[in-house]
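# Structural description and commentary
Spelled out from the first residue to the last, the chains are:
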Amino acid sequence: MQGLKRSHYCGELTAVDNGRVVTLMGWVNTRRDHGGLIFVDLRDRTGLIQVVFSPEINSASFTKAGGVRSEYVLAVTGRVSIRPEGTDNPNLATGEIEVLVDELRVLSQAKTPPFYIEDGVEVDENLRLRYRYLDLRRPEMQHALHLRHRAAKAVRDFLDEHGFWEIDTPMLTRSTPEGARDFLVPSRLNAGRFYALPQSPQLFKQLLMVSGVDRYFQIVRCFRDEDLRADRQPEFTQIDMELSFVDVEDVLELMEKMVSRLCREMVGLEVETPLPRFTYQEAMDRFGSDKPDTRFGMELVDITDIARGCGFKVFTSAAEEGGQVRGINAAGCGGYSRKDIDDLTKFAAIYRARGLAYFIVTAEGAKSPITKFFNDQEIAAILERFNAREGDLLLFVADQPDVVAASLGALRVHLAEQLDIIPRDKFNFLWVTDFPLLEYDEEEKRWVAMHHPFTSPLEEDLPLLQTDPGKVRARAYDIVLNGIEIGGGSIRIHRRDVQELMFNAIGLTKEEAHEKFFYMLEAFEYGTPPHGGIAFGFDRLIMLLAGKKTIRDVIPFPKTQSATDLMTMAPGNVDERQLRELHIKSTLKKLPDQNNNKNK
RNA sequence: GGAGCUGUGGUGUAGCGGUCUAACAUGUCGGCCUGUCACGCCGAAGAUCGCGGGUUCGAUUCCCGUCAGCUCCGCCA
């Protein structure tokens, strides 16, 4: 730094520093050359400040400043000065002052960046990812990084205060059945064998409970080799924890405290506790989702009973075949055109809905191609149930319960977004409890654990485990924020007999269970405390606190939807020799071209 | 595995069968400018319209394929 030492950050200086000689270091945000006077906005992670080059202050520096360009890295020494009357800039935090530069040193020159280093720019995400280090210079990205850091620290402080120990668990571990697809790592020292990267530290944290750690946490990277979404990356970060001698209530209460403290400290928001709670069934019935967004209404309404007796075959047959007829009231959408409704129908079809019936509510009653299948009392009953008023649009789906819930649940959110009725400043946290313990896997033709095979069933549902597995509820809970699942966990099974019932229910024989989970089962024989835990999706939490639409915007170096890194071009090819050492051979006839350059 | 949207100078967009020899803004480069802060003014350079094929007298524009990015379904807690 050519003998200079930074005295302040750019954004730190205020009018109070007037007259002080300071040394600043940072990037050239913008340059305004007036011929006889040059202004530069200097940027570091704290913000911007205007620095002034004038031949009257230092002519050598002034001349040198003429050659300075965007994103050059400068060191400047000069005097802080209140700006001349009428030239202050209220749009800048440091707009009352400027630094009159005596000495200028160019620490680094810079090529013109491929996009503007400023907030709110809509650049092709391709470019942002390829030049991620430049993207991260933008103030909003810096804010996200800072928020992420502060949130991690707040979580550590909170959990430390509540007796948790931060303990790390292996990244090279053993592949386990159930759950997501594993990322595998070949073992050089053990030919033909593979490690798996952890989907979560689930089993290790339970073993730590057996070890008597009592309260564990970790802010930990997890890996799942599944397809990506706006809120799903192949590697992501969890706030993972586990507690001994607790029940559902204890976990929920503690986590409510953590969440409200995070909101207070991160975004100055007071969260009302206790948080609302919904059973899984209630959430599905009212919102068609196990992660309801309660920032707006438009709840689902069941009319299966009315539909059963009507003359409309689609409705009656759904009702007869164990399905449902339900709908939502798109209030004020009575003016929707044929095309608008077609678009909604197409949208519902994504979720396997075979059709979308509708009533347009007018002063003369319901209008629709299907009203002829209903008598006056039936129509009146439906309108009343939806609390329908003139100008409303009622939308119905008749199908199996899962299709009805999925399509109407998605339609509800879709319409709310389209109508812009979601209050953006609300943070609606809630719990969803009493999830089904098991769900039927059509592909494998067996019951599988919805959460994982160590999740404890509700005591009162135990007898159902052998007679009606689908009805068994779990001591599992999810925490949801504005319609996005941000965490989930459960009380675990610590009784040997219950664990055997569970394995039995998911079709694992004693021998298979032993083969797959021998170390867990063995450990559980040595005195297991009742325990339970939860894990938060840290990236999602930060995304919501930062007001972003995708976790890519709060992950420093994220991957694209096809799981590649456009900056490093990972995954890349490896040498034949590396493969040989790992005892691996590709089944591809031709290996992909190493320079398969995706960036034109 | 599937559906949809997008791809035009460095960047963001317009053009959607024919003076398109591709327009605008911004950036870049050169010149002028002592109070700007999206500085201003004058000038210049910069694009085989993602790639391949087809239809057509003629394709940036229409069709098919393909690649990349995004959103979603499936998948995934």
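Cut-offs and rules
- Residues numbered from 1 in each chain as written.
- Chains lettered and ligands numbered in written order.
- Predicted model: local features only at pLDDT ≥ 70, side-chain atom pairs only at ≥ 80, totals over all residues.
- Heavy atoms only, no water.
- Helix = DSSP H or I, 4+ residues; strand = E, 2+ residues; numbered from the N terminus.
- Buried < 20%, exposed > 50% of the residue type's maximum accessible area, 1.4 Å probe, protein only.
- Contact = heavy atoms within 4.5 Å.
- Areas by Shrake-Rupley, 256 points an atom, 1.4 Å probe, with all protein chains shown as cover.
- Lys, Arg positive; Asp, Glu negative; His and termini not counted.
- Charge placed at Lys NZ, Arg CZ, Asp CG, Glu CD.
- Near = heavy atom within 4 Å.
- Polar contact = N/O pair within 3.5 Å; in protein donor to acceptor, adjacent residues only side chain to side chain.
- 1 Å grid on protein atoms, 1.4 Å probe; cavity = no way out; pocket = protein on both sides within 12 Å on 5 of 7 lines; lining within 4 Å.
- Points joined across faces, edges and corners; volume = space filled by probe spheres on them.
- Nonpolar A, V, L, I, M, F, W, Y, C, P; charged D, E, K, R; others polar.
- Pairing = 2+ DSSP bridges.
- Phe/Tyr/Trp six-rings, centres within 6.5 Å; stacked < 30°, edge-to-face > 60°.
- Axes fitted to C-alpha atoms, helices over the stretch in contact; angles between N-to-C directions.
- Expected span 1.5 Å × (residues − 1).
- Parallel < 35°, antiparallel > 145°, perpendicular 65-115°, else oblique.
- Left-handed = near helix turned anticlockwise from the far one by under 90°.

This part is about the overall build of chain A. For chain A, the helix and strand inventory stands at 17 helices and 22 strands. Counting the 600 residues in chain A, one finds 49% classified as buried. At a minimum sequence separation of 6, the contacts of chain A that also span at least 24 residues come to 67%. With an accessible surface of roughly 30700 Å², chain A has 49% of that area assigned to carbon and sulfur atoms. Of the charged side chains in chain A, 76 are positive and 92 negative; the average position of the first set lies 6 Å away from that of the second.

Take the protein's contact with RNA strand B next. Inspection of the region around RNA strand B gives 46 residues, with Asp-33, Glu-56, Arg-83, Thr-87 and Glu-98 positioned closest. Backbone atoms, meaning sugar plus phosphate, form 53% of the atoms of RNA strand B positioned within 4 Å of the protein. Within the side chain of Arg-69, a nitrogen or oxygen atom sits 2.9 Å from a phosphate oxygen of RNA strand B. With respect to RNA strand B, the side chain of Asn-89 contributes an N or O atom lying 3.2 Å from a base oxygen. Of all the elements, helix 2 (residues 125-130) adds the most residues to the surface near RNA strand B, at three residues.

The final tally for this structure, using the stated rule, is one cavity of 30 Å³ or more. The space that makes up the largest cavity amounts to roughly 40 Å³. Lining the largest cavity, in full, are Leu-129, Arg-132, Phe-557, Pro-558, Asp-565, Leu-566 and Met-567. For the lining of the largest cavity, a count of residues per class yields five nonpolar, no polar and two charged.

Spatial strand order, 12-13-16-14-15: five strands in an open sheet with antiparallel pairing. Each having just a single partner strand, strand 12 (301-302) and strand 15 (365-367) make up the two edges of the open sheet. Strand direction decides the pairing type here: strand 14 (residues 357-362) and strand 16 (residues 393-399), joined by four bridges, are antiparallel. Within the sheet, the bridge partner assigned to Phe-359 lies in strand 16 and is Leu-394.

Counting buried positions along strand 14 gives five out of six residues, so the element sits mostly inside the fold. With three bridges connecting them, strand 14 and strand 15 associate as antiparallel partners. Counterpart to Val-361 in the pairing with strand 15 is Ala-366. Two successive antiparallel strands, strand 14 and strand 15, enclose a turn made up of two residues.

Our next topic: the packing of aromatic side chains. Applying the stated criterion to the full structure yields 18 aromatic pairs. Ring geometry for Phe-347 versus Tyr-351: centroids 5.6 Å apart, planes at 50°, classification tilted. Between Phe-386 and Phe-396, the ring centres sit 5.6 Å apart and the planes meet at 80°, which makes this aromatic pair edge-to-face. Separated by 10 residues along the polypeptide, Phe-386 in the loop between helix 11 (376-385) and strand 16 and Phe-396 in strand 16 bring together distant segments of the chain. Site record: aromatic cluster; members linked through ring pairs are Phe-312, Phe-315, Phe-359, Phe-373, Phe-374, Phe-386 and Phe-396.

For the rest of this paragraph, the subject is the sheet that holds strand 2 (residues 38-44). The strand order around the closed barrel formed by five strands is 1-2-3-5-4, and the pairing between neighbours is mixed. Each adjacent strand pair in this sheet contributes to an overall mean axis angle of 55°, direction not counted. Looking at chain direction, strand 4 (residues 73-82) and strand 5 (residues 97-108) are connected through 10 bridges and run antiparallel. For Gly-78, the partnering residue across the bridge sits in strand 5 and is Val-101.

In this section: the environment of Gly-26. Turning to its location among the elements, Gly-26 is positioned in strand 1 (residues 21-33). Sequence spacing of Gly-26 and Asp-44 is 18 residues, and the spatial spacing of their C-alpha atoms is 5.0 Å. Those residues in contact with Gly-26 that sit more than four places away from it in its chain are Leu-42, Arg-43, Tyr-72, Val-73 and Leu-74.

Here the focus is helix 4 (residues 139-161). In this model helix 4 runs 32 Å from its N-terminal to its C-terminal C-alpha over 23 residues, within 8% of the 33 Å that 1.5 Å per residue would give. Buried positions along helix 4 lie against helix 2, helix 3 (132-135), strand 9 (215-223), strand 10 (235-244), helix 6 (248-267) and helix 16 (538-546). Downstream of helix 4 by one or two residues, Gly-163 has phi in the positive range, about 85°.

How two helices sit against one another is set out by the angle between their axes and by the gap between those axes. Across the interface, helix 5 (residues 202-210) lies against helix 15 (residues 510-523) with an axial gap of 10 Å and an inter-helix angle of 20°. Considered as vectors, helix 5 and helix 15 are oriented roughly parallel to each other. Crossing handedness for the pair helix 5 and helix 15: left-handed. Between helix 5 and helix 15, the contacting residues are Leu-203, Gln-206, Leu-207 and Val-210 on the first element and Phe-517, Tyr-519, Met-520 and Ala-523 on the second. Across the contact of helix 5 with helix 15, the residue classes tally to seven nonpolar, one polar and no charged.

Tracing the backbone through its elements, the reader meets Ser-81 in strand 4. Residue contacts for Ser-81: discarding those within four places in its chain leaves Asn-18, Glu-96, Ile-97, Glu-98 and Leu-100.

Tracing the chain through its elements places Arg-83 in the loop between strand 4 and strand 5. Those residues in contact with Arg-83 that lie beyond four places of it in its chain are Gln-50, Asp-88, Asn-89, Leu-92, Gly-95, Glu-96, Ile-97 and Glu-98.

Turning to helix 5, a few remarks are in order. Within helix 5, seven of the nine residues are buried, which leaves the element mostly enclosed by the surrounding structure. Here helix 5 has its buried residues at Gln-202, Leu-203, Lys-205, Gln-206, Leu-207, Leu-208 and Met-209. In this structure, the buried side of helix 5 is in contact with strand 9, strand 10, helix 15 and strand 22 (531-537). In the segment just after helix 5, Gly-212 is the residue with positive phi, at about 85°.

Further remarks concern the pairing of strand 19 (residues 446-449). Pairing of strand 18 (residues 438-441) with strand 19, which is carried by four bridges, proceeds in the antiparallel orientation. Across the sheet, residue Glu-439 finds its bridge partner in strand 19, namely Val-448. Hairpin remark: strand 18 followed by strand 19, antiparallel, with four residues in the connecting loop; positive phi at Lys-445, about 55°.

Function-wise, these values are silent; they only describe arrangement.
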